[in-house]
Amino acid sequence: MPVQLRFKSGLSSTDYVTGEGWRLATLSRCPIHSRGGCGFARHGTYTRVSPPGTQIARWYCPSGHRTFSLLPDHLAARFPGTLSEIEQVVATVEQAPSLEAAADRLRGDDITLPSAVRWVRRRVAPVRSLLTIVVGLFPQWLQGCVPQIIAVRERLVCDQALMLLRELAAVHLQSLAPPLGLLPPLLLAGEHKAAVQHHMGPDLPSGFG
Ligand SMILES: [Zn+2]
């Protein structure tokens, strides 16, 4: 899996696809070898299934055997689709009598309720953990805020909390879990909460972009 870095594209999902926003992504030097000499070069793009037509720009460092990709702000990290879609799921759960009721409302005709519940849980659980961390990161805005999307939207006076948090938490993204954060895959198996307390190791770009 590539190391994901933030691409502050400033584009909506639609504009990113129609304008081929991945062509605008730039990474001028290798995040591992700042002095160069490692053969770092652009390495094409890869395609995301959702939203349709989305491609992600990619770079490769032959010395470090590592691929880097530039994830635009509207996309969820390591989840299909956009941050906005995930946020909508979590907000629906917060307003529903139960997670099961929300899953039943969100599911398509060909999706069973148990799989819809699993699908919703996979989104709600990490977002809740992330919001708990984020509330602690920004006491100046979020002190005493319950770690829920609707409450965070109200405090931040926005209708897309996760996209705004990509921006606000930019320097923390390499320590935050998906779908908001860009925690490198090697650390994904470890302790998320521990990771956020520590700065990145020397070979991982902290706050890059
Ligand atoms: Zn390199």
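One structure accompanies this document, and this report is about it.

So, how was this worked out
Residues numbered from 1 in each chain as written. Predicted model: local features only at pLDDT ≥ 70, side-chain atom pairs only at ≥ 80, totals over all residues. Heavy atoms only, no water. Helix = DSSP H or I, 4+ residues; strand = E, 2+ residues; numbered from the N terminus. Buried < 20%, exposed > 50% of the residue type's maximum accessible area, 1.4 Å probe, protein only. Salt bridge = Lys/Arg side-chain N within 4 Å of Asp/Glu carboxyl O. Axes fitted to C-alpha atoms, helices over the stretch in contact; angles between N-to-C directions. Parallel < 35°, antiparallel > 145°, perpendicular 65-115°, else oblique. Left-handed = near helix turned anticlockwise from the far one by under 90°. Contact = heavy atoms within 4.5 Å.

**What about the environment of Ala101?**
Reasoning step 1: When you line up the elements, Ala101 lands in helix α3 (residues 99-106).
Reasoning step 2: Look at Ala101 and you get partly exposed, because its relative accessible area is 27%.
Reasoning step 3: The sequence separation of Ala101 and Leu113 amounts to twelve residues, and the corresponding C-alpha distance is 9.4 Å.

**Thoughts on the pattern of salt bridges**
Reasoning step 1: For the structure shown, the criterion picks out seven salt bridges.
Reasoning step 2: Ionic pairing is found between Arg121 and Glu100, a salt bridge with its closest N-O pair at 3.4 Å. You can see Arg121 sitting in helix α4 (residues 113-137) and its partner Glu100 sitting in helix α3, a full 21 residues away along the chain.
Reasoning step 3: The exposure class of Arg121 is partly exposed, given its relative accessible area of 44%.
Reasoning step 4: A single network of salt bridges, built from pairs that share partners, joins Arg6, Lys8, Asp73 and Glu167.

**Brief notes about the packing of helix α2 (residues 83-95) against α3**
Reasoning step 1: In the contact formed by α2 and α3, the axes pass within 8 Å of each other and the chain directions differ by 130 degrees. Taken as axis vectors, α2 and α3 run oblique relative to one another. The handedness of the crossing between α2 and α3 comes out as right-handed. In this structure, α2 contributes Val89, Thr92 and Val93 to the contact, and α3 contributes Leu99, Ala102, Arg105 and Leu106.

No statement about biological role is implied by the geometric values presented.
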